[in-house]
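# Tertiary structure, described
Residues per chain are reported as follows:
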Amino acid sequence: MTRPRLSSRAAEVLRLIMDRRVPVFLTVHANGRRRYGYWQSGGRPVALPTDECDALYAAGRIVLGDPVVDRAKTTYRVRAAERGGYRAARSALTA
């Protein structure tokens with residue numbers, strides 16, 4: 001199965017997620033708001049475009065790790081999907 005071409009913005013996000021030196025996380029807040037991001041050196045948070053990340057997830061290009069849950073939010077580690085592998089979108093995005 002061939003995957004659709006990525007936009008330049010989505011390709012840049014995927015390159016960042018593939019860089020193992022930059023851990024990317026998805027935080028799903030109790031009110032349903034989702035935020036993808038990572039921490040820059042110096043402790044500054046950087047948000048990634050949610051629409052692009054959601055599209056990468058729905059296309060099976062990124063996968064979520066095990067959830068870390070607290071009362072206010074659930075956090076997942078975001079990783080690039082293995083080449084040749086395809087995973088269906090999880091219901092976690094709507095949790």
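The structure under discussion appears in the preceding block.
The sections below set out a description of the structure shown in this document.

Conventions used here
Residues numbered from 1 in each chain as written. Predicted model: local features only at pLDDT ≥ 70, side-chain atom pairs only at ≥ 80, totals over all residues. Heavy atoms only, no water. Helix = DSSP H or I, 4+ residues; strand = E, 2+ residues; numbered from the N terminus. Contact = heavy atoms within 4.5 Å. Areas by Shrake-Rupley, 256 points an atom, 1.4 Å probe, with all protein chains shown as cover. Core = buried A, V, L, I, M, F, W, Y, C linked by side-chain atoms within 4.5 Å. Buried < 20%, exposed > 50% of the residue type's maximum accessible area, 1.4 Å probe, protein only. Axes fitted to C-alpha atoms, helices over the stretch in contact; angles between N-to-C directions. Parallel < 35°, antiparallel > 145°, perpendicular 65-115°, else oblique. Nonpolar A, V, L, I, M, F, W, Y, C, P; charged D, E, K, R; others polar. Salt bridge = Lys/Arg side-chain N within 4 Å of Asp/Glu carboxyl O. Pairing = 2+ DSSP bridges.

The helix and strand inventory of the protein stands at two helices and six strands. Its helices and strands in sequence order give the protein the pattern α-β-β-β-α-β-β-β, from N to C terminus. Sequence-distant contacts in the protein: of pairs separated by 6 or more residues, those separated by 24 or more amount to 53%. Per element, the accessible surface of the protein, about 6,500 Å² overall, is 51% carbon and sulfur.

Another aspect to go through is the nonpolar core. Grouped together as the largest cluster of nonpolar side chains are 19 residues, with contacts concentrated most on Val24, Leu26, Tyr36, Leu48, Ile62 and Val78. Contributing elements (two or more residues each) for this core: α1 (8-18), β1 (24-29), β2 (34-40), α2 (50-58), β4 (62-64) and β6 (73-80). With five residues, the top contributor of residues to this core is α1.

Right, let's get into the packing of α1 against α2. Where α1 meets α2, the closest approach of the two axes is 10 Å, and the angle between their N-to-C directions is 75 degrees. In this view, α1 runs roughly perpendicular relative to α2, as classed from their interaxial angle. Here Arg9, Ala10, Val13 and Leu14 of α1 lie close against α2, whose contacting residues are Asp51, Glu52, Cys53 and Leu56. Class assignment of the residues belonging to the contact of α1 with α2 gives a composition of five nonpolar, no polar and three charged.

Take the pattern of salt bridges next. According to the stated counting rule, one finds four salt bridges in the structure shown. Note that Arg21 is salt-bridged to Asp19, the shortest N-O span being 3.0 Å. In this structure, Arg34 and Asp54 form a salt bridge, with 2.2 Å as the shortest nitrogen-oxygen distance. Of this pair, Arg34 sits in strand β2 while Asp54 is found in helix α2, placing the two residues 20 residues apart along the sequence.

Moving on: the pairing of β2. When β1 meets β2, the two strands line up antiparallel, connected through four bridges. By the bridge assignment, Leu26 is partnered in β2 with Tyr36. The hairpin turn running from β1 into β2, its antiparallel successor, is four residues long, and Gly32 in that turn takes a positive phi close to 95 degrees. Hairpin geometry of β2 and strand β3 (residues 44-48) is characterised by an intervening segment of three residues between the two adjacent antiparallel strands and by a positive phi of about 90 degrees at Gly42.

Its location among the elements puts Ile62 in strand β4. When its relative accessible area of 2% is taken as the criterion, Ile62 is described as buried. The spatial distance from the C-alpha of Ile62 to the C-alpha of Leu14 is 7.9 Å, given a sequence separation of 48 residues. Here Ile62 is in contact with Leu14, Ile17, Tyr36, Cys53, Leu56, Tyr57, Val78, Arg79, Ala80 and Ala81, once residues within four sequence places are set aside.

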